[in-house]
Amino acid sequence: QDVLSYRAWLQYCPVKDEEYKQQIEAVLSVVTVKETSIIIDAALSELSLGLKEMCAFQPAITTQSNQNGLHITIEDTQGKETFHITYDKSQLYLSAGDDRGVLYGVYHLLRQIQLKTPLEQFGVKEAPKNPMRMINQWDDMNGEVERGYAGKSFFYDQYQFIKDRTRVKDYARLLSSTGINAISINNVNVHENETDLIFDRYLADVKQTADIFSMYGIDLYLSINYAAPMEKGLTTADPLDEDVKAFWKDRAKVIYDNMPHFGGFLVKADSENRPGPFTYGRNHAEGANMLAEALAPYGGKVIWRCFVYNCKQDWRDRQTDRARAAYDHFLPLDGEFLDNVILQIKNGPMDFQVREPVSPLIGGLEKTNYLLEFQIAQEYLGQQKHLVYLVPQWKEVLNFDTYQKGEDTRVKDLVSGKVLNQKHSGIVSVSNVGIDVNWTGHLMAQLNLYGYGRMIWNPDLSAEAIALEWIKQTFGHDEALVQTLLNIVIPSWETYENYTSPLGIGWMVNISHHYGPNIDGYEYDNWGTYHFADRDGVGVDRTKETGSGYSTQYHKENFECYNDVTTCPDELLLFFHHVPYTHKLHSGKTVIQHIYDTHFKGVEEVEEMIARFTTLRTLIDDARFESVMERLNHQLYMAKEWRDIVNTYFYRKSGIDDIHGRKIYA
Ligand code: GCW
């Protein structure tokens, strides 16, 4: 059963329907393809593997076009990474824009067979919505994964690359099957040893890894240490210093001489104690452009993170608002970045909380390339011990209307480059994998990895459609099973929100490891993450008139909506306003009653999740069933902890009873 967990959604289980199998064999036993490339080779071996496993035959690959079967062609005019499949009189035609398009087309065919789609419905025309579809690993070379909840790294151990690269290759297969085309392989926090990834010590290993990923159409990037020149003997890392510029130009040459297909650098600078241009009195455009100039001759890119804020804020300081930081730092630099610099912007202004407004930088920047950053790892969302399906959350972000160019200027169209015509654009996310056999610790967290790739390929796929695909490929087609699992995953984000921090306020977690409830965990610390609960009320005033003015970073329509306590959506109320516990929500409930109700409800929903999952005992193999069940039981235990701690905390602050008289530990 470990095999099933390991294979994730590429299980290629034997097709039992004989008739279907024969139909597949009739059209796929011969594959005609004239072009070759390493990517096409990878696509063909994946096709052979899939067909062998599912239908017990292997296709004959030929260059002769007068054969029956699958015909693969490349039409440059079609656009990069696109594919077009037609089915006609027992012939299949796959015409692709380039070899990546061939790979994605082949994965599409394999997915359809796994989904038992009738051949007549194989026809499709696909183009990815987002040009860059990236994954960030937060793996350290000592073998740890920062915010890793699925065991250690399968890239590194004890400051060496792990020699057996099977895992890396299978990861590349999983990612490319969902359309991912870029990856950074080390943590954005670059420590001493990782600084050497761009030096002789590790370059050969990096190249070997890059070669594996490029077979699957995935460009490799490295996170770099902005102070690397100083680790290597220079006295400064000042981006305007000539020796520093020469240092990076020399590094770029060495890297690209070794790896012409290298993607570029990912940089976390002046963020959470990492070095950056601020140390030298330079701004972030100066800092990023210097690197961009070094990489430009080779077509390399600099991905520059906007997660810049004062992490040493004193809780006594009521002026500074962390939520404002990214916009305040980067909006004034709009238009100053070179065209191979791409900013990377977290989806919210804080840090991957269960509920945040959309970062106003998206919708703010006009003349800058950028990527939207999500986190698949559930750092603040139950750390892959809780079942939380993230696609519904991400889709809310993508569908958010920024009003940048008037009504209907949605995030999904901005980040895809469609509205502003940036040279580079797309979406990136922090990975959730580790060396655990099932990749993600919680088996159900595989859905978030799968869903991320599918959603950024096509943001108009519904969360249900994506989950359905994953469930069938992972657990099979039994109708009761499929429906039950769908009913479990779809509301799970809301359930998690119900039993954790209410109404958009966020945090309330234990310090540093971020797991489990601790309402005042961050309240009297630095880091800028406060809820300001007192005996009368709770929430952060971010309005223009009396608060931090964060609300003014949005365009008029959103500004007015958020800034006014009467129009601010309930789910974000405490993010924008400090209100009394007796404040009435749009739902008609008071804030305090909402807190009690959602917390009791959240626990009940987890109980229901367990009841539903229990009905699947005979429909899922024991190993996978038990592993999920164990985590669900833990989730229930934690949900109760959250419920009781949150309810007790706010009861003690407010002294207001639950109108339903349920048990609160006064
Ligand atoms: O959320 C914080 C995490 C850090 C992380 C940082 C970041 C890699 O707690 O672990 O560092 O975000 O995104 O840089």
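Cut-offs applied
- Counting from 1, residues in each chain are numbered in the order their sequence is written.
- For a predicted model such as this one, the threshold for reporting local features is a pLDDT of at least 70, and the threshold for listing and counting side-chain atom pairs is 80 or more; totals across whole chains, interfaces and linings nevertheless cover every residue.
- In this analysis, strands are considered paired if DSSP registers two or more bridges between them.
- A helix here means a DSSP run of H or I that spans at least four residues, while a strand means a run of E at least two residues long, and both kinds are numbered starting from the N terminus.
- In this analysis an axis means a line fitted to C-alpha atoms, helices contributing only their contacting stretch, and an angle means the value between N-to-C directions, from 0 to 180 degrees.
- Angle categories are assigned with fixed cut-offs, so that under 35 degrees is roughly parallel, over 145 is roughly antiparallel, 65 to 115 is roughly perpendicular, and the rest are oblique.
- Here, residues touch in the contact sense if the C-beta positions derived from the backbone fall within 7 Å of one another.
- In the scheme used here, Gly and all other residues not listed as nonpolar or charged are polar, with Ala, Val, Leu, Ile, Met, Phe, Trp, Tyr, Cys and Pro taken as nonpolar and Asp, Glu, Lys and Arg as charged.
- We call a residue near a molecule or strand when its C-beta atom, built from the backbone, sits within 6 Å of it.
- Domain boundaries shown here were taken from an automatic or database domain assignment.
- In a left-handed crossing the near helix is turned counterclockwise from the far helix by less than a right angle, and in a right-handed crossing that turn is clockwise.
- Every helix has an expected span of 1.5 Å times one less than the residues it contains.
- Our exposure labels follow a C-beta count within 10 Å of each residue's own C-beta, placed from the backbone: buried means 20 or more other C-beta atoms, exposed means 12 or fewer, and partly exposed covers the counts in between.
- The directions from the helix axis to the C-beta atoms form the arc being described.
- Think of it like this: strands point away, you trace from the first strand over the helix to the second, and a clockwise trace means the crossover is right-handed.

Draft legend 1. Main features of the pairing of strand 3 (residues 70-74). Alignment of strand 1 (residues 30-33) against strand 3, held across 3 bridges, turns out to be parallel. Looking at the pairing, Thr32 lines up with His71 of strand 3. Bridge count for strand 3 against strand 5 (residues 91-96) is 5 bridges, and the pairing is parallel. Each bridged residue has a counterpart across the sheet, and for Ile74 the counterpart in strand 5 is Ala96.

Draft legend 2. Expanded view of the packing of helix 20 (residues 591-614) against helix 21 (residues 622-654). It is at 9 Å that the axes of helix 20 and helix 21 come closest, and there the two elements cross at 170°. With respect to their mutual orientation, helix 20 and helix 21 come out roughly antiparallel. Where helix 20 abuts helix 21, its residues Ile592, Ile595, Tyr596, His599, Phe600, Gly602, Val603, Val606, Glu607, Met609, Ile610 and Phe613 lie against Val628, Met629, Leu632, Gln635, Leu636, Ala639, Lys640, Arg643, Val646, Asn647, Phe650 and Ser654. Tallied by class, residues from the contact of helix 20 with helix 21 come to 16 nonpolar, 5 polar and 3 charged.

Draft legend 3. The site of the ligand, seen in detail. Around the ligand sit Trp138, Glu146, Arg147, Asn187, Val188, Asn189, Lys268, Glu272, Phe307, Asp351 and Glu379, and those are all the residues in its vicinity. Of the residues that constitute the shell around the ligand, the class distribution is 3 nonpolar, 2 polar and 6 charged.

Draft legend 4. Seen up close, the domain arrangement of the protein chain. Domain parsing of the protein chain yields domain 1 (2-126), domain 2 (132-459) and domain 3 (497-654). Between domain 1 and domain 2, the C-alpha centre-to-centre distance is 32 Å. Each partner contributes to the interface: domain 1 provides 14 residues, whereas domain 2 provides 16 residues. Of all the elements in the fold, those that place two or more residues in the side of domain 1 that touches domain 2 are helix 1 (2-7), helix 3 (38-55) and helix 4 (99-114). Partitioned by chemical class, the residues of the side of domain 1 that touches domain 2 number 10 nonpolar, 1 polar and 3 charged.

Draft legend 5. Fine view of the packing of helix 9 (residues 242-258) against helix 10 (residues 284-295). Contact geometry for helix 9 and helix 10: axes closest at 8 Å, N-to-C directions at 40°. Relative to helix 10, helix 9 is oriented oblique. Like other packed secondary-structure pairs, helix 9 and helix 10 cross with a definite hand, here right-handed. Contact residues: Lys245, Trp248, Lys249 and Ala252 in helix 9; Met290, Leu291, Ala294 and Leu295 in helix 10. Broken down by class, the residue content of the contact of helix 9 with helix 10 amounts to 6 nonpolar, no polar and 2 charged.

Draft legend 6. Structural view of helix 3. With 18 residues, helix 3 should reach 26 Å at 1.5 Å per residue; the first-to-last C-alpha distance of 25 Å fits that figure. Every buried residue of helix 3 is listed here: Ile39, Ile40, Ala42, Ala43, Glu46, Leu47, Gly50, Leu51 and Cys55. Projected onto a plane normal to the axis of helix 3, the buried residues spread over an arc of 160° and lie on a single side. Residues of helix 3 that are buried make contact with helix 2 (18-28), strand 1, helix 4, helix 5 (166-177) and helix 7 (200-215). After helix 3 finishes, the residue Ala56 shows a positive phi value of roughly 60°.

Draft legend 7. Structural view of the sheet that holds strand 16 (residues 425-430). Strand order in the closed barrel made by the 8 strands is 7-10-11-12-13-14-15-16, with parallel pairing throughout. Between one strand axis and the next, the sheet turns through 25° on average, direction left out of account. Pairing between strand 15 (residues 370-375) and strand 16: 6 bridges, direction parallel. Within strand 16, the position partnered with Leu372 by the bridge is Ile427.

Draft legend 8. Focus on the sheet that holds strand 6 (residues 124-126). If you walk across this open sheet you meet the 6 strands as 2-1-3-5-4-6, and the pairing is mixed. The sheet is open, and its two borders are formed by strand 2 (60-62) and strand 6, each paired with just one other strand. Direction aside, neighbouring strands of the sheet carry axes that sit 15° apart on average. As paired elements, strand 1 and strand 2 share 3 bridges and run parallel to each other. Its bridge partner lying in strand 2, Val30 is registered against Ala60. Where helix 4 meets the sheet, it contacts strand 3, strand 4 (83-88), strand 5 and strand 6, and its direction lies at approximately 50° from that of strand 4.

Draft legend 9. Focus on the pairing of strand 13 (residues 301-305). In terms of residue burial, strand 13 counts as a mostly covered element, since 5 of its 5 residues are buried. Both faces of strand 13 are covered, namely the face carrying Lys301, Ile303 and Arg305 and the face carrying Val302 and Trp304. Sheet analysis places strand 12 (residues 264-267) next to strand 13, joined by 4 bridges and oriented parallel. If you follow Val267 over to strand 13, its bridge partner there is Trp304. Running through helix 10, the crossover from strand 12 to the neighbouring parallel element strand 13 is right-handed.

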